[in-house]
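The primary structure of each chain is shown beneath.
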Amino acid sequence: MGFSVSRPQARLYEGCSPVFRGHLTFHQKELRKKQKHLHLRQAKTDLPKPIHIHFHDSNETEQPENSKHQCQATDSGNVAQGTVISGTAHIQRTAVDRVRQFLGESASAPSDSRTETAVKATEDKSPTKSSGSLHYSQRPDDPELAKYWAQRYRLFSLYDSGIKMDREGWFSVTPEKIAEHIAERCRCDVIIDAFCGVGGNAIQFAFTCEQVIAIDIDPLKIECARHNAAIYGVEDRIQFIVGDFMLLADALRGDVVFLSPPWGGPDYLSAEVFDIETMIELNGFRIFQKARHITENIAFFIPRNTDIEQLVSCSGPGNEVDVEQNFVNKKLKTITAYYGELVNL
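The shown structure was predicted, so the numbers you read here are calculated from the model rather than taken from an experiment.

## Focus: the overall build of the protein
No. 1: A count of helical and extended segments in the protein gives 11 helices and 15 strands.
No. 2: Burial analysis of the protein (345 residues in total) assigns 54% to the buried set.
No. 3: Sequence-distant contacts, at least 24 apart, represent 63% of the contacts inside the protein between residues at least 6 apart.
No. 4: When the accessible area of the protein is evaluated, it comes to approximately 15,700 Å², of which 48% is carbon and sulfur surface.

## Let's talk about the confidence of the model for the protein
No. 1: Within the protein, residue pLDDT values average 74, and 60% of them lie at 70 or more.
No. 2: For residues 1-5, every residue scores under 50 in pLDDT, and the model assigns this stretch 14 contacts once sequence neighbours within four places are set aside.

## Quick look at the pairing of strand β15 (residues 331-338)
No. 1: Counting buried positions over the 8 residues of β15 gives 6, a clear majority of the element.
No. 2: Note: strand β14 (residues 320-328) against β15, 7 bridges, orientation antiparallel. By the bridge assignment, Glu 324 is partnered in β15 with Thr 336.
No. 3: Once β14 ends, the chain turns through 2 residues before running back antiparallel as β15, passing Asn 329 with a positive phi of about 50 degrees.

## Some thoughts on the pattern of salt bridges
No. 1: Here the structure, examined in full by the defined rule, presents 10 salt bridges.
No. 2: Here Asp 142 ties to Arg 167 by a salt bridge, and the two come within 2.6 Å at their closest N and O atoms. A residue pair is termed long-range when its members are at least 10 positions apart, and Asp 142 in the loop between β8 (133-135) and α3 (143-149) and Arg 167 in helix α5 (residues 167-172) qualify at 25 residues.
No. 3: Lys 221 is the partner of Asp 166 in a salt bridge, and the nearest nitrogen-oxygen pair spans 2.8 Å. Separated by 55 residues along the polypeptide, Asp 166 in the loop between α4 (152-155) and α5 and Lys 221 in helix α8 (residues 219-231) bring together distant segments of the chain.
No. 4: On the basis of relative accessibility, which here comes to 7%, the residue Asp 166 falls in the buried class.
No. 5: Given the relative accessible area of 6%, Lys 221 is considered buried.

Cut-off values and rules
Residues numbered from 1 in each chain as written. Predicted model: local features only at pLDDT ≥ 70, side-chain atom pairs only at ≥ 80, totals over all residues. Heavy atoms only, no water. Helix = DSSP H or I, 4+ residues; strand = E, 2+ residues; numbered from the N terminus. Buried < 20%, exposed > 50% of the residue type's maximum accessible area, 1.4 Å probe, protein only. Contact = heavy atoms within 4.5 Å. Areas by Shrake-Rupley, 256 points an atom, 1.4 Å probe, with all protein chains shown as cover. pLDDT = per-residue confidence, 0-100. Pairing = 2+ DSSP bridges. Salt bridge = Lys/Arg side-chain N within 4 Å of Asp/Glu carboxyl O.

This is the structure we're talking about:
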């Protein structure tokens, strides 16, 4: 075990001076090198220790007590440790219960035709296709897709009702329980889902927000998202727009912006550290800057191996950021960074 001090290798957000960090180098069973800086003790590092949110197939969410940490970027470029707050979050509603609640029904009440549409499983055993979007009712022959198909109910619990995804959608959609948790934290009147894809997050936002503006440049993804929102019974709360968020941002108004830009497919996992500036095609810093033209309240959904220093630098001097690590069945899946008034929620 040794102690080292290093300078960040990746460029930081515009206007934020370099952040120096000190960290302990140590070895622990089943701990990957690329995650070491995320698992250090809070007292031993100036970087924020992310909140650990655990999701299980039993439909429960666990947030360990004393696990919530904030980090503040200072004018000097150093990172000041924020407050430690204990708390536990439980999201235990099933997707069917959420649909019924949204439609004004009790979970135990008999289902009307709208709820039955949302929960009825398809009887067609062959893949259905619409303009390139696919619903597989049986394991696909493509081994790469088959891996994600085996996890289909984690992606959409109502998958059997006819959920449609294009190929990229299988790799990029947010697991439903994580999307539910993010939606609870982002509860507001108007939320903008800047890169909505096939609708995983937009659907959950529709349960917690008055209006959802869902944008994607790909018409096929918007078609899938609209179809999937209808299955969950929330399409009337979502305004779908085919367009480029980078061009539309200056004309948009909202309380919260949710950013989940394309990560470049599963290959992002091969990198030791994910650089949001160079590895996101549109440049993560440019996307974040566009979102700030709308609001300071931003949720940034990024890969699990993202450079934490870059996320801290996005908050700007004197501001805070909440960083959450999202675990599904004890496996680290993604990171969500919260800015503005979303911090401390």
